[in-house]
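Okay, here's what each chain looks like letter by letter:
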Amino acid sequence: MRLQTLAAQHFRNLQDFRIVPHPRFNILIGYNAQGKTNLLEAIYLSANLKSFRTHQNEELVRFGLQEARVVAEVQRGNDTLTLELKLQTRRRLVWVDGQLTRRLTDALGLLQVILFAPEDVALIKGQPSARRSFLDHAVFVSRASYLSILSDYNATLKRRNAVLKNDRRDAKLLEVYSEQLVEHGAEVIGARLELLRQLRPLFNDAFRNIFGAKLEASIRYRASWADQVDLDAPPDANTLRCAMLAAIRALGGDELRRKQSLVGPHRDDLEVLLDGTPAKAHASQGQHRSIVLALKCAEILLLKDRFGLEPILLLDDVSSELDSTRNQQLFSFLASLSGQVFITTTAREHILLDQDQSAWTVHQGGLTPAD
Ligand SMILES: Nc1ncnc2c1ncn2[C@@H]1O[C@H](COP(=O)(O)OP(=O)(O)OP(=O)(O)O)[C@@H](O)[C@H]1O
Ligand SMILES: [Mg+2]
């Protein structure tokens, strides 16, 4: 998958532009606050139809104007398609090959990107919800039907929590919702475990390549309904349902006291270990960065393996906090992938590539070729 052209008008601080990216590496060089991340955001929006920085359309439109536009020509295998996104204060409109889509989700996933943003370093250290989102996103990009599985689960969870919150509790209704919760929950967990089983060896390799072979990284699924989950022999749906029901029963009245569902995929977590020790508590900043980069690269490798389509990698300020050896290893690893990459940097010397690249200087929102 490649961006053949990218154009935008009235988007954040970027002066209106149209660029023809390189099929491999695209480097955006500039001082702070010049518009580098804004450009990655325009690409991310074309893929996800929402930003990673805001939910407010008006923040994306250049100050004082009413509407912004982003147009991406995308090559997917042998096909090309044009995605056009219009952002107005209250509306987002998307055209695919000139046809206005009825629902935004019709255009979701036509372009696939994997983003590494500086704040992602906190993925392992931060709240479990961010790790669940990473996992769910990774499942979704390899299996579009997962979105409805997840939304069925979330709807059931909401209904069950409403019963738990209601002081005039209805034991029968709660039981019905418990059954539904484990039914949908087993589907969510089954899909996550399947993805993790495939992702794990790719992650281990990517981490070794980026960080070095001295440290062994591993991933674990931490379940709210079991002590251990064996990723090599994941439980089937029936076993998952029984384990969740048993865990719910074992809680006794805890859920009623706390007025929320305490068992299910919404309480599960992903854990990364370095030489058997949880990275969350012990890893250094550079190790965190390498872990997250390895997770994202593993996601790309998996999609390439499964669909032959390599998503576009967006790396925002990736080299800071990596020592020169790790930075070198990262770039050798990136060179071993075959997809398109966009990298921002404040200093070109961080970019250790000698070919297959185009570069632009980003200055006060303007893009100038820097080759
Ligand atoms: N809607 C908008 N209209 C005009 N300018 C905007 C808008 N939103 C953000 N900006 C400006 O964009 C600039 C920030 O751009 P961006 O985040 O892309 O910087 P950057 O080059 O990635 O910097 P850094 O190296 O610090 O990450 C800021 O100067 C900000 O004021
Ligand atoms: Mg930035």
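These notes cover the structure that comes with them. (Residues numbered from 1 in each chain as written. Chains lettered and ligands numbered in written order. Predicted model: local features only at pLDDT ≥ 70, side-chain atom pairs only at ≥ 80, totals over all residues. Heavy atoms only, no water.)

Attention now moves to the overall build of the protein. The helix and strand inventory of the protein stands at 10 helices and 15 strands. In summary, the protein has a C-alpha radius of gyration of 22 Å against a globular reference of 21 Å for 371 residues, a match within 12%. Relative to its 371 residues, the protein shows a buried fraction of 53%. In the protein, 70% of the contacts between residues at least 6 apart in sequence involve partners at least 24 apart. Carbon and sulfur atoms make up 47% of the accessible area of the protein, which amounts to about 17300 Å² in all. Here the protein contributes 47 positive and 44 negative side-chain charges, whose respective centroids are spaced 5 Å apart. (Helix = DSSP H or I, 4+ residues; strand = E, 2+ residues; numbered from the N terminus. Rg over C-alpha atoms; globule rule 2.2 N^0.38 Å. Buried < 20%, exposed > 50% of the residue type's maximum accessible area, 1.4 Å probe, protein only. Contact = heavy atoms within 4.5 Å. Areas by Shrake-Rupley, 256 points an atom, 1.4 Å probe, with all protein chains shown as cover. Lys, Arg positive; Asp, Glu negative; His and termini not counted. Charge placed at Lys NZ, Arg CZ, Asp CG, Glu CD.)

Inspection of the entire model under this criterion finds 1 cavity of 30 Å³ or more. One number sums up the size of the largest cavity: a volume of about 30 Å³. Along its surface, the largest cavity is lined by Ile300, Glu310, Pro311, Leu313, Leu337, Gly339, Gln340 and Val341. Taken together, the residues of the lining of the largest cavity break down into 5 nonpolar, 2 polar and 1 charged. (1 Å grid on protein atoms, 1.4 Å probe; cavity = no way out; pocket = protein on both sides within 12 Å on 5 of 7 lines; lining within 4 Å. Points joined across faces, edges and corners; volume = space filled by probe spheres on them. Nonpolar A, V, L, I, M, F, W, Y, C, P; charged D, E, K, R; others polar.)

Taken in spatial order, the 6 strands of this open sheet run S8-S12-S13-S3-S14-S15, and their pairing is mixed. In this open sheet, the two edge strands, each paired with only one partner strand, are strand S8 (113–116) and strand S15 (366–369). Mean inter-strand twist for the sheet, computed between neighbouring axes without regard to direction, equals 20°. As judged from the 4 bridges shared by strand S14 (residues 357–363) and S15, these two strands associate in the antiparallel manner. (Pairing = 2+ DSSP bridges. Axes fitted to C-alpha atoms, helices over the stretch in contact; angles between N-to-C directions.)

Helix length check: helix H3 (residues 128–142) (15 residues) gives 22 Å between terminal C-alpha atoms against 21 Å at 1.5 Å per residue, within 8%. Within the sequence span of H3, burial applies to Arg131, Arg132, Phe134, Leu135, Asp136, Ala138, Val139, Phe140, Val141 and Ser142. The inward-facing, buried residues of H3 abut helix H4 (146–165), helix H5 (171–211), strand S9 (217–222), strand S10 (269–274), helix H8 (279–282) and helix H9 (285–307). (Expected span 1.5 Å × (residues − 1).)

Pairing within the open sheet is antiparallel, and its 3 strands lie in the order S9-S10-S11. Lying at the two open borders of the sheet, with one neighbouring strand each, are S9 and strand S11 (277–278). Looking at chain direction, S10 and S11 are connected through 2 bridges and run antiparallel. By the bridge assignment, leucine 273 is partnered in S11 with proline 278. Across the sheet, H3 lies against S9 and S10, angled at about 95° from S10, the strand it touches most. The strands that H5 touches are S9 and S10; relative to S9, the one it contacts most, it runs at about 165°.

For the rest of this paragraph, the subject is the packing of H3 against H4. Look at H3 against H4: their axes get within 8 Å of each other, and the N-to-C directions meet at 140°. On the basis of the axis angle, H3 is oblique to H4. Every residue of H4 that contacts H3 at Asp136, Val139 and Phe140 is listed here: Tyr146, Leu147 and Leu150. (Parallel < 35°, antiparallel > 145°, perpendicular 65-115°, else oblique.)

Here we come to the packing of aromatic side chains. This model, assessed by the stated rule, comprises 3 aromatic pairs. Between tyrosine 44 and phenylalanine 52, the aromatic rings sit 5.0 Å apart at their centres with planes inclined by 75°, giving edge-to-face as the arrangement. Take phenylalanine 52: its relative accessible area is 21%, and that puts it in the partly exposed class. Their ring planes at 15° and their centres at 5.4 Å tell us that phenylalanine 207 and phenylalanine 211 sit as a pair that is stacked. Note that phenylalanine 207 and phenylalanine 211 are positioned in helix H5 at a spacing of 4 residues, about one turn of the helix. Of the residues examined, phenylalanine 207 reaches a relative accessible area of 0% and is grouped as buried. Among the aromatic side chains, those forming a connected cluster through ring pairs are Phe203, Phe207 and Phe211. Over the face of the ring belonging to phenylalanine 211 we find arginine 326, whose NZ or CZ atom lies 3.8 Å from the ring centre. (Phe/Tyr/Trp six-rings, centres within 6.5 Å; stacked < 30°, edge-to-face > 60°. Lys NZ or Arg CZ within 6 Å of the ring centre and 35° of its normal.)

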